[in-house]
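Notes for the structure review
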Amino acid sequence: MEPLSWGAIILRILAQFAPVWTALVVTFALSTAFRRRLGLYGKLFDSPIGMVGFGLVMFWVFTGIFAGAFDIIATHDVLDQSASMKNKVPGTPYTKLMGEVAPDAYPYYLLGGDNLGRDVFSRMVVGAWEVIKIAPFASLFAFMVGITLGLPAGYYGGRLDTFLSFLANLILAFPVILLFYLLVTPEIIQTGIPVYMAATLFVFPIVFLVLLWNSRFHTQPATRNLYVGITLVVGTWLYLGIAWDADPLGLVSFPPNLLVVFVAVVFVNAPTVFRIVRGLTMDIKTRDYVAAAQTRGEGPWYIMLWEILPNVRGPLLVDFCLRIGYTTILLGTLGFFGLGLSPESPDWGSTINEGRKLLSMYLHPALPPALALLSLVLGLNLLADGLREESLRD
Amino acid sequence: MAEHDGPILEIENLSISFFTRLREIPAVMDFSVTVQPGEAVGLVGESGCGKSTVALGVMRDLGVNGRIVGGTVRFKGRDLGTLSARELRAIRGREIAMIYQEPMASLNPAMRVGRQLMEVPMIHEGVSAAEARARALDVVRDVKLPDPERILESYPHQLSGGQQQRIVIAMALMSKPALLILDEPTTALDVTVEAAVVDLVKDLGRKYGTSMLFISHNLGLVLETCDRICVMYSGEAVETGSVRDVFDRMRHPYTQALFRSIPLPGADKNARPLRAIPGNFPLPHERPPGCNFGPRCDYFKAGLCDAGEIPMAVIADDDRHFTRCLRHQDIDWAAPMEKADMTEATEPGKVVLRMDKLRKYYEVAANALFGGGGPTRVVKANETLSFEARESETLAIVGESGCGKSTFAKVLMGLETATDGEILLDNRNIEQIPIEKRDTQTVADIQMVFQNPFDTLNPSMSVGRQIIRALEVFGHGATDAERREEMLRLLDLVKLPREFAERMPRQLSGGQKQRVGIARAFAGGARIVVADEPVSALDVSVQAAVTDLLMEIQRKQKTTLLFISHDLSIVRYLSDRVMVMYLGHVVEMGSTDQVFAPPYHPYTEALLSAVPIADTRVQKTRIVLEGDVPSAMNPPPGCPFQTRCRWKAEVPGGLCEREVPPVRDLAPGHQVKCHLSQEMFDRMEPVIRVAAE
Amino acid sequence: MTLAKFILRRVGVMLLTALCLTFIVFFLTNLYPNLEKLAKTQGNFRMTDEEVASYLGRNGYLQPLPVKYGQWMGVLPGWTQEAEDGTIRGRCFAPDQPPGDAPRFCGILQGHWGHSTVFREDVGAIIAEKLALTGRLMLWVMLLMVPSALILGVMAGMREGSRTDRTLSTFAITTTATPEYVSGVLFIAVFASTAVGLKWFKGTATSAMENPTFENFFLPVLTIALYGMGYIARMTRASMAEVMTAQYIRTARLKGVSFPNIVVKHALRNALIAPFTVIMLQFPWLLNGVVIVETLFNYKGFGWTLVQAAGNNDIELLLAVSVVSVVVVLATQLISDIGYVYLNPRISMT
């Protein structure tokens, strides 16, 4: 079989992404049609920058979900090695040195093969899944921690603030890579420290939600008990499963090496969120509506969670997008240094690291994941910019 | 520039629009005004009427979105619209100078004051730095700032608000401009400081022969400073003429309505209540056809007023007096105001709140940035506050910034606890009980209405939800449905349509937000309401409506109203008793009549003299206080007012500098804190006299 | 409070932070699995558990953590042990020194940084050498990054919304979205690989350690600078754009000041206050960049040493690396605070 020309490669890649294109078109069509009823999200479609950013982000989100969770888009198994495909250029027909090529196998390596003869294209699209399944959730947890601690630090000030700020600065003064090298190692997993850290960090979402419901509904005990009860039951169940791997039902668990990556990323991000929330809180707490809440005898947590927090959602949302981007970069860094994730993992950082060793000869193994990571983070930054612009316009 | 002996500024049919993504928003339409040499013209109107846009249009500084879409602006005969950027720069600062509302914001924080002043002649006249500095010294002396050398070396933040505004004025005068545009130059200042600044501007205008365009929302201020006035409404000039003509023989319904909505001497909440202008200011893109004021006008005639464009009409016999009203000849302008519903004065009931020798001291770090660990300073925010407040009574608390009125409110509400003394609510001590320890009833009993309408409501919660939350906290109603019903009733109480329950605060106007704030305060059936400058951030026509609403609820619910304000006109209008505060001390307290008539405390006297009154019949004694209000962090020894008191020389032996004066009773229920002898008090004359009609 | 007192307080906080951080590093590196790994890399990988324990015991690793930390600090006397053959070994013993001459204390307070187990060399010497190499890299990074970022930001921010602004902002966003391991790879691919064939620069910077030239040093410098540059430029742009809408800029404009003078005389100082803090707080980030770039370009400086030390659990080297990086980070924070006070006249010292 003849190798594909570049034109044919591009056409085939575009065709391979067909489900993503469909999903994107549907998303954009629906969102544009209903944008006046969708609040800030709808207004995003007034800003060209925001739309481009959103498009890039959703492209990788859909790619990640389709490729990782549903196993479409990718042309080959990401771990399949073929000795005859080592370092082969893009468009090379798929062959095997040993054994037969399965009849229904995709006939080409669209973006060539890497140094072990794995399909670069498939590894790139599945790599998106590695990011999509960690980065947003890690950022979310970092936000929960940062908010739960940042609100009281900003609201009360004083010693609590001094202490928490000192802790935050302590973590921030650590060079991130040093922290990763110390935390994300097999030896540390043996000691169980990540589990304790996870146990501490993952309490925060439960605390956050309980405080949220209690402060709001303490005047109506029946409603309060219902909400707090549901939160505690579901929260404890997930907590036991995720942090301690002790789900009594045996449904929820978290692979230990993924847990340590997750914990490390949350741990690195939370202090920055803390500082942002603290600063915003200090600003908002001087407003009259906060004073009005105080004078009608509201508790501090009601004021923090229901009077202050909703009014800082704009800047927090913007930072959330940036933080997912930063987390993506951090995950890439981990992969680049071969920390945490398994060496075979198709995540972009690891792939770039492997690809760079042969960079002076072969570009194709390193460039696709590098450009993929670049475009996702760029998309997130553009999205944040669009959101910032539109929320200021309000 | 060649000599020019025509008008300094001629604006003819000027129209300015701002362009947004969606539409063109006309900000100023068909606006004409002429400023003669040496003349001061006042531009009056409510916020959003386009008066500041006119000023920026003259300066040709409308930003990227604004554009002049019609008409001309001629300065000394030259059409400013045709000038190049370079020619424009030569005029700005040299020929036309501008003074702004926020002195702190309009000075460069990172540049010494001297350099900012010197820059003007150095740019325009190319003078040397030494000469520019000499001139800056002169001008700083002219604006009566102490120690000019030191001032030139200061950064703006090292000066007080009044001093900053004087520097801004000095900067405008550096190149002796022909025209001075003042955009609300005193709004950010305290009343007594404002009076001094206004005096200064008038004197300097005379001295330098400068023409002035004075933009203000305050009719009283315009009366004091200007020769001619132009009233604007919703982007249009509705009436122009000499100050006398417009004040005494107004020929536009809006001007008339405006005057009827402000508390002038003689207005009374029971016998002669104010009359608010009904309806709302139209949004720029929702203006009605024909007369913009039509929908709110008492004299509106369908088919005439809404038929088409309305031109300016000349009023015969008056001096250049114009009105934009088609019916100005049909209206009986002399007819007295339709009597609004008169109400019976309510008798104050039993004492509900008593304060006894309340003190509140704060410890603050001496240095905010490097705080902690350093030496602390005690701020005496409240000194021995004693008074009683009765049911159905309105007690006004008057004072300028730093007088301790906000601290007093905080202590009363329980946000702070008292340092010393007592607060008795129904004979129960509450001064040491912080709000979280108070029982629901006590909390619901004392509520507050806040100053800033843009800040008083949580921007991300619907109006109804915010009121319902207050009901929840105060334990009202057993079910959500009951609370919802009660919330709708509260909206009725504050005269807001029920569909506002679903709205978000940003969809409401300032006055409407303030009404929601009032509804929220009364949600728990409050018996004592602290109203902290509840109307000072609102436009005058809205002020009347909100004040009346407060009065009406008070009458219905027999509320005790503690009305904190710096505006003596409104205090005189609505309060039963008045308490004047200065630097944490109550310097005078008595019934409204007692406080507003001699004998006064010297501070009250100055305050009364400082308040501009929009009535040509009123004659005031000018008392201009030197300097600024001292900082509460660093109060003077002895009497707090001694640094600015004009009577100080009358007290022998420097007593004022040594001892805090005792509280003295001048008449039953009338007390002052002053060292002056009874004889001196007897010699005092009224500050405000109304000439016989 | 005077400036001196302020600095003193900050230095106090700094020392406390450094103490806490080194203790955390000490704690993590002295966890038993890490020590076990160390023993096996020092000895051999087939050591039994008993052999590991005896190795660790012989080298003082099995003492209680606070004691070890105290010894490392130099506030507790270094351990000594007598082996079965009668020779006395100890923490403070140099190989060719008679036992009697050894000092009792040898920690960082005495200037002893310890001995690297990977490089088999004195840690102090390694750190000094590597810091010099990285210092050179950082110097060039700063020289490239700061001026271009500031110029970029000011140019974009002085006319918000203009075409220049949009172009420059897009560029800045793109660079912030490009971590060093992506941009480095891209640069090597484009400018140094045989596949593209431009070959303008070298793909490694190893030779730059002895003899830095434009050819072998520019790519690593550019790679680090680019990532930080976008961030600083965006900060500067935001700050500049905000200042340009301030009332005092309008005052200046209506005084007749020309646009270039408004930017230079009135806006610049105010607009640079915020970015200055940011530049200083960039240091922890730059440190990351250094680690990545030195690994990528095989430039054996401080960052490369960090990777070696961390990868091999070289405790004393790792501790020294942490101390140095923490001190650098905290010192820059201190400088940023002081500089902020000097730049911003609104904050007075008295």
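Rules of the game
- Residues numbered from 1 in each chain as written.
- Chains lettered and ligands numbered in written order.
- Predicted model: local features only at pLDDT ≥ 70, side-chain atom pairs only at ≥ 80, totals over all residues.
- Helix = DSSP H or I, 4+ residues; strand = E, 2+ residues; numbered from the N terminus.
- Rg over C-alpha atoms; globule rule 2.2 N^0.38 Å.
- Buried ≥ 20, exposed ≤ 12 C-beta atoms within 10 Å, placed from the backbone.
- Contact = placed C-beta atoms within 7 Å.
- Nonpolar A, V, L, I, M, F, W, Y, C, P; charged D, E, K, R; others polar.
- Pairing = 2+ DSSP bridges.
- Axes fitted to C-alpha atoms, helices over the stretch in contact; angles between N-to-C directions.
- pLDDT = per-residue confidence, 0-100.
- Parallel < 35°, antiparallel > 145°, perpendicular 65-115°, else oblique.
- Left-handed = near helix turned anticlockwise from the far one by under 90°.
- Right-handed = clockwise from strand over helix to strand, strands pointing away.

**Examining the overall build of chain A**
Counting its regular elements, chain A contains 18 helices and two strands. Here the C-alpha atoms of chain A give a radius of gyration of 24 Å, agreeing with the 21 Å that 2.2 N^0.38 yields for 394 residues. Considering only C-alpha atoms, chain A reaches an extent of 80 × 55 × 40 Å along its principal axes. Buried residues in chain A amount to 51% of all 394 residues. For chain A, long-range pairs separated by at least 24 residues make up 71% of all intrachain contacts whose partners lie at least 6 apart in sequence.

**Section: the overall build of chain C**
Assigned secondary structure in chain C consists of 13 helices and four strands. Of all 350 residues assigned to chain C, the portion counted as buried reaches 43%. Sequence separation of 24 or more characterises 68% of the internal contacts of chain C that already satisfy a separation of 6 or more.

**Side note on the interface of chain C and chain A**
Taken together, the 39 residues of chain C in the interface contact 37 residues of chain A. At the level of elements, α1 (3-29), α2 (32-42), α6 (163-176), α7 (180-192), α11 (283-296), α12 (302-311) and α13 (315-343) of chain C are the ones that each hand at least two residues to the side of chain C that touches chain A. When residues in the side of chain C that touches chain A are grouped by element, the largest group, seven residues, is from α7 of chain C. Residue classes in the side of chain C that touches chain A are distributed as 27 nonpolar, eleven polar and one charged.

**Regarding the sheet that holds strand β1 (residues 9-19) of chain B**
All names here are of chain B. Read across the open sheet, the four strands follow the order β2-β1-β4-β5; overall the sheet is antiparallel. What marks the edges here is a single partner per strand, and that holds for β2 (24-35) and β5 (78-79). Bridge count between β1 and strand β4 (residues 66-75): eight bridges; the pairing is antiparallel. Residue pairing in the sheet places Ser15 in a bridge with Gly70 of β4. Packed onto the sheet, helix α1 (residues 51-58) meets β1, β2 and β4 and runs at close to 70 degrees relative to β2.

**Comments concerning the confidence of the model for chain C**
Across chain C, the average pLDDT comes to 84, with 95% of residues at or above 70. At the level of chain-chain contacts, confidence expressed as ipTM amounts to 0.88, with global pTM at 0.88.

**Here we look at unusual backbone geometry**
Most of the time, phi is negative for any residue but glycine, and the peptide bond is trans. Residue and element names in this part refer to chain B. Omega for the bond connecting Pro598 with Pro599 falls within 30 degrees of zero, at -5 degrees, which places this linkage in the cis form. Summarising the element assignment, Pro599 is placed in the loop between α19 (592-595) and α20 (602-610). For Lys357, which is not glycine, the phi torsion reads 45 degrees and is therefore positive. Here Lys357 shows up in strand β13 (residues 351-365).

**Examining the sheet that holds strand β6 (residues 96-99) of chain B**
All names here are of chain B. Spatially, the eight strands line up as an open sheet ordered β6-β7-β8-β3-β9-β10-β12-β11, and their pairing is mixed. With one partner strand each, in any of the chains shown, β6 and β11 (313-314) form the two edges of the open sheet. Sheet topology note: the strand β7 (residues 179-183)/strand β8 (residues 211-216) ladder contains five bridges and is parallel. When the sheet's bridge partners are listed, Asp183 is paired in β8 with Ile215.

**A few points about the interface of chain B and chain C**
In this complex, chain B contributes 27 residues to the contact, which on the side of chain C involves 20 residues. Those elements giving two or more residues to the side of chain B that touches chain C turn out to be α2 (85-91), α3 (103-106) and α4 (113-124) of chain B. Broken down by element, the side of chain B that touches chain C gets its largest block of residues, four residues, from α4 of chain B. Taken together, the residues of the side of chain B that touches chain C break down into 13 nonpolar, eight polar and six charged.

**Focus on the packing of helix α6 (residues 135-156) of chain A against helix α16 (residues 313-336) of chain A**
All names here are of chain A. Two numbers describe how α6 lies on α16: the axes approach to 9 Å, and their chain directions differ by 120 degrees. The angle between the axes of α6 and α16 places the two elements in the oblique class. As for how α6 packs across α16, the hand of that crossing is right-handed. Residue-level contacts link Ala135, Pro136, Ala138, Ser139, Ala142 and Phe143 of α6 to Phe320, Arg323, Ile324, Thr327, Thr328 and Leu331 of α16. Taken together, the residues of the contact of α6 with α16 break down into eight nonpolar, three polar and one charged.

**What about the environment of Gly50 of chain A?**
Residues and elements named next belong to chain A. By secondary structure assignment, the location of Gly50 is in helix α4 (residues 48-69). By the C-beta count within 10 Å, which is 22 here, Gly50 ends up buried. For the pair Gly50 and Asp385, spaced 335 residues apart in sequence, the C-alpha separation works out to 6.7 Å. Among residues more than four places away in sequence, those in contact with Gly50 are Leu44, Leu383, Gly386, Leu387 and Glu390.

**Some details on helix α11 (residues 253-261) of chain B**
All names here are of chain B. Within α11, seven of the nine residues are buried, which leaves it mostly tucked inside the rest of the structure. Considered for burial, the residues of α11 that qualify are Pro253, Tyr254, Thr255, Gln256, Ala257, Leu258 and Ser261. In the core, the buried residues of α11 are packed alongside β9 (228-233), β10 (236-242), α10 (243-248) and α17 (540-557).

**What to know about the pairing of strand β3 (residues 40-44) of chain B**
Residue and element names in this part refer to chain B. Burial within β3 is extensive, with five of its five residues counted as buried. Because side chains alternate across β3, one face comprises the buried residues Ala40, Gly42 and Val44, and the other comprises Val41 and Leu43, equally buried. One ladder, built from five bridges, connects β3 with β8; its direction is parallel. Looking across to β8, one finds that Leu43 is bridged to Ile215. For β3 and β9, the ladder comprises four bridges, and the chain directions are parallel.

**Observations regarding the pairing of strand β20 (residues 560-565) of chain B**
Residue and element names in this part refer to chain B. Judged by how many residues are buried, β20 sits mostly within the fold: six of six residues are covered. Because side chains alternate across β20, one face comprises the buried residues Thr560, Leu562 and Ile564, and the other comprises Leu561, Phe563 and Ser565, equally buried. Read from strand β19 (residues 528-532) through α17 to β20, the crossover connection turns out right-handed.

**Some words on the environment of Gln16 of chain A**
All names here are of chain A. Checked against the element boundaries, Gln16 lands in helix α1 (residues 6-16). In this structure Gln16 comes out as partly exposed when scored by C-beta crowding, with 19 C-beta atoms within 10 Å. Note: C-alpha distance between Gln16 and Glu187 (171 residues apart in sequence) is 41 Å. Once residues within four sequence positions are removed from consideration, Gln16 is found in contact with Ile73 and Thr75.

**Focus on the environment of Glu130 of chain A**
Residue and element names in this part refer to chain A. Assignment of secondary structure puts Glu130 in helix α5 (residues 120-132). Placed 59 residues apart in sequence, Glu130 and Ile189 show a C-alpha to C-alpha distance of 20 Å. Not counting residues up to four positions away in its chain, the partners in contact with Glu130 are Ser345, Pro346 and Asp347.

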